[in-house]
Amino acid sequence: MKSAATPQRRILVNAVAARIGGGARHIANFADALRRELSSDVAIDVLAPPSVSLPVRGVTHIPTEIPQGAHPRRLRWELWDATRLASTASALLSPMNFGPPILTVPHVLWQRNPTYFDEGYLHTCDIRRRTVVAAYRQWALLCVRRADAIIVPSQAMLDMLASFVSIDERFHIVPHGWKPTQPASVQLPSVAKRWRGFEPRLLYVSTPAAHKNVELLPEILQRVKRVHPHAGLGVTFNQKSQWPAVDLFRDRVERHQLGESIVYLGTVAQDAVYQLYSEADLVLYPSLTESFGFPLVEAMGGGAPIAASSIPSNHEVAANLATYHDPQDPDSAGDAALRALASGRPPALVHRRVARAKSFSWSANAQRVVAIIESLQPSLQLRA
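First things first, this report covers the structure right here in the doc.

Thresholds, definitions, all that
Residues numbered from 1 in each chain as written. Predicted model: local features only at pLDDT ≥ 70, side-chain atom pairs only at ≥ 80, totals over all residues. Heavy atoms only, no water. Helix = DSSP H or I, 4+ residues; strand = E, 2+ residues; numbered from the N terminus. Rg over C-alpha atoms; globule rule 2.2 N^0.38 Å. Buried < 20%, exposed > 50% of the residue type's maximum accessible area, 1.4 Å probe, protein only. Contact = heavy atoms within 4.5 Å. Areas by Shrake-Rupley, 256 points an atom, 1.4 Å probe, with all protein chains shown as cover. Pairing = 2+ DSSP bridges. Axes fitted to C-alpha atoms, helices over the stretch in contact; angles between N-to-C directions. Phe/Tyr/Trp six-rings, centres within 6.5 Å; stacked < 30°, edge-to-face > 60°. Lys NZ or Arg CZ within 6 Å of the ring centre and 35° of its normal. Expected span 1.5 Å × (residues − 1). Bend = angle between axes of the 7 residues up to and from the residue. Salt bridge = Lys/Arg side-chain N within 4 Å of Asp/Glu carboxyl O. Patch = residues over 30% accessible without salt bridge, like charges linked within 9 Å, V, L, I, M, F, W, Y side chains within 5 Å. Core = buried A, V, L, I, M, F, W, Y, C linked by side-chain atoms within 4.5 Å.

Quick look at the overall build of the protein chain
Alright, step 1. Regarding its fold elements, the protein chain presents 14 helices and 13 strands.
Alright, step 2. Relative to its length of 384 residues, the protein chain is compact, with a C-alpha radius of gyration of 21 Å against a globular reference of 21 Å.
Alright, step 3. Dimensions of the protein chain, computed from the C-alpha atoms along their principal axes, are close to 70 × 45 × 35 Å.
Alright, step 4. When burial is assessed residue by residue, the protein chain has 59% of its 384 residues classed as buried.
Alright, step 5. Residue pairs in contact within the protein chain that sit at least 24 positions apart in sequence constitute 67% of those at least 6 positions apart.
Alright, step 6. For the protein chain, the computed accessible surface area is about 16,300 Å², with 53% contributed by carbon and sulfur atoms.

Laid out in structure tokens, this is it:
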């Protein structure tokens, strides 16, 4: 246990890498739950990019723009700036896989990036990618070994880590949360009108990162259209995105002549994305690896049928409320999509899906996090 010489009642959240995906979209939900759990005289400061929206009363957003990856300024941030800023706090929370390796205050680190530790996924990568990942993994492991507590969002993520580091009492499984939200009055992108014209409507909500396996999406759609000729797919990324996987996606679209059946919705605001879930006939989630899978929870919260890859974290999150497939077998994925579509939205099944989503609570998440902080420094007594 570490203790500061003059600890103050302030929690510092090191979220400088919260730029895309669940990290960026849900940092406000986490901060809000943390605020509600802590005593009102405990300050919460969140270091996050200016692009992150943090409209949470009682939480101070300190806009912090730091280059990503192995940039010298990022290394300086972790080795010097974050360490200095944390020295006057009660504790440092680092929810984005990396954090300062040497601190004088309790440090709670989240390790949630499966692409560093999933050996099955890494076997699908070329040698260049594996070499780059190996370097990041060593830095991540250093951070893990030096942290006072490590949080993972699933047993699946813990199992991946266990191949590289000894698991001890510092490790805690704390699932992410879900905030029930009604379909928003926020206007969706104008192209959503064309997506609404498909029957049935397929939906993919996530980034086109390499491990998301987006090149399988056109293969699934092509097989669904054999049975449902008017089916179409909406994806929440742009056609001209610079992600390499988007090139693979477009190649498959052209190969199967699916251009008229694809709608590039682009980035959709968190408040608006639930409207998509509520209207989707099927949500696709074909990832090669994940540590949690926010879109699975969101899709269940919207009552939507799901066809997901049969990886451990997806089973852990969605249980028997998704239809699973081999992420590397287009025929398996297409068959799963058709079976999931057939399940539809009967009221009893929608109720089970929503109930499952509600079991993932930001309030419960924050309670566990505060308990972990207090266990590292019992004199803090942070609770409201």
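Concerning the sheet that holds strand E8 (residues 201-204)
Alright, step 1. The strand order E10-E9-E8-E11-E12-E13 describes an open sheet built from six strands, whose pairing is parallel. The open sheet terminates on both sides in strands that have one partner only, identified here as strand E10 (262-264) and strand E13 (323-325). With direction set aside, neighbouring strand axes in the sheet form an average angle of 25°.
Alright, step 2. Relative to strand E11 (residues 282-285), E8 is paired through two bridges, and the arrangement is parallel. Within E11, the position partnered with Leu202 by the bridge is Leu282.

Looking at the packing of aromatic side chains
Alright, step 1. What the rule picks out here adds up to 14 aromatic pairs.
Alright, step 2. Aromatic side chains Phe249 and Tyr264 sit 6.0 Å apart centroid to centroid with 80° between the ring planes, which places their arrangement in the edge-to-face category. Of this pair, Phe249 sits in helix H8 (residues 244-255) while Tyr264 sits in strand E10; the two residues are 15 residues apart in sequence, bridging distant segments of the chain.
Alright, step 3. Through a chain of ring-to-ring contacts, three or more aromatic side chains come together here, namely Phe30, Trp110, Phe292, Phe294, Phe360 and Trp362.
Alright, step 4. Positioned above the aromatic ring of Trp195 is the side chain of Arg201, whose terminal nitrogen or guanidinium carbon lies 5.8 Å from the ring centre.

Observations regarding helix H1 (residues 21-37)
Since the α-helix turns once every 3.6 residues, residues separated by three or four places project in the same direction.
Alright, step 1. Its 17 residues place the ends of H1 25 Å apart at the C-alpha level, agreeing with the 24 Å of an ideal helix rising 1.5 Å per residue.
Alright, step 2. Along H1, the sharpest kink reaches roughly 45°, centred on Ile27.

Thoughts on the pattern of salt bridges
Alright, step 1. Per the counting criterion, the structure on display carries 15 salt bridges.
Alright, step 2. The residue Glu219 makes a salt bridge to Arg255 at a minimum N-O spacing of 3.9 Å. Highlighted residues: Glu219 in helix H7 (residues 216-225) and Arg255 in helix H8, separated in sequence by 36 residues.
Alright, step 3. Counted as one network, the salt bridges with shared partners bring together Glu219, Arg223, Arg252, Arg255 and Asp331.

Focus on a nonpolar patch on the surface
Alright, step 1. The grouping of Leu75, Leu79 and Trp80 at the surface amounts to a nonpolar patch, some 310 Å² of accessible area in total.
Alright, step 2. For Leu79, the location among the structural elements is in helix H2 (residues 72-86).

Concerning unusual backbone geometry
Backbone phi values are negative for most residues with the exception of glycine, while trans is the configuration of most peptide bonds.
Alright, step 1. Here the amide bond leading from Glu199 into Pro200 is cis, since omega sits at 5°, within 30 degrees of zero.
Alright, step 2. Following the sequence through the fold, Pro200 ends up in the loop between helix H6 (192-196) and E8.
Alright, step 3. For Asn213, which is not glycine, the phi torsion reads 65° and is therefore positive.
Alright, step 4. You can see Asn213 is positioned in the loop between E8 and H7.
Alright, step 5. Among the residues examined, Asn213 registers a relative accessible area of 5% and is labelled buried.

Some details on the sheet that holds strand E5 (residues 107-110)
Alright, step 1. Overall, parallel pairing links the seven strands, which are arranged E3-E2-E1-E4-E5-E6-E7 in an open sheet. Taken across any chain shown, the strands that pair with only one partner, and hence form the sheet edges, are strand E3 (59-63) and strand E7 (171-173). Mean inter-strand twist for the sheet, computed between neighbouring axes without regard to direction, equals 20°.
Alright, step 2. Sheet topology note: the strand E2 (residues 43-48)/E3 ladder contains five bridges and is parallel.

So, the nonpolar core
Alright, step 1. The biggest cluster of nonpolar side chains holds 72 residues, and the ones touching the most others in it are Ile11, Val46, Leu93, Val108, Leu203 and Ile373.
Alright, step 2. A per-element tally of this core places helix H14 (residues 362-376) first, with seven residues.
Alright, step 3. Those residues within four positions of Val108 in sequence are excluded, and the remaining contacts are Leu92, Leu93, Ser94, Ala149, Ile151, Ile372, Ile373 and Leu376.
Alright, step 4. Listed in part, the 26 residues of the second largest apolar core include Phe237, Ala245, Phe249 and Leu341.

Focus: the side chain of Asp45
Alright, step 1. With respect to the element layout, Asp45 can be found in strand E2.
Alright, step 2. Apart from residues lying up to four places away in sequence, Asp45 is in contact with Arg10, Ile11, Leu12, Val13, Thr60 and Ile62.

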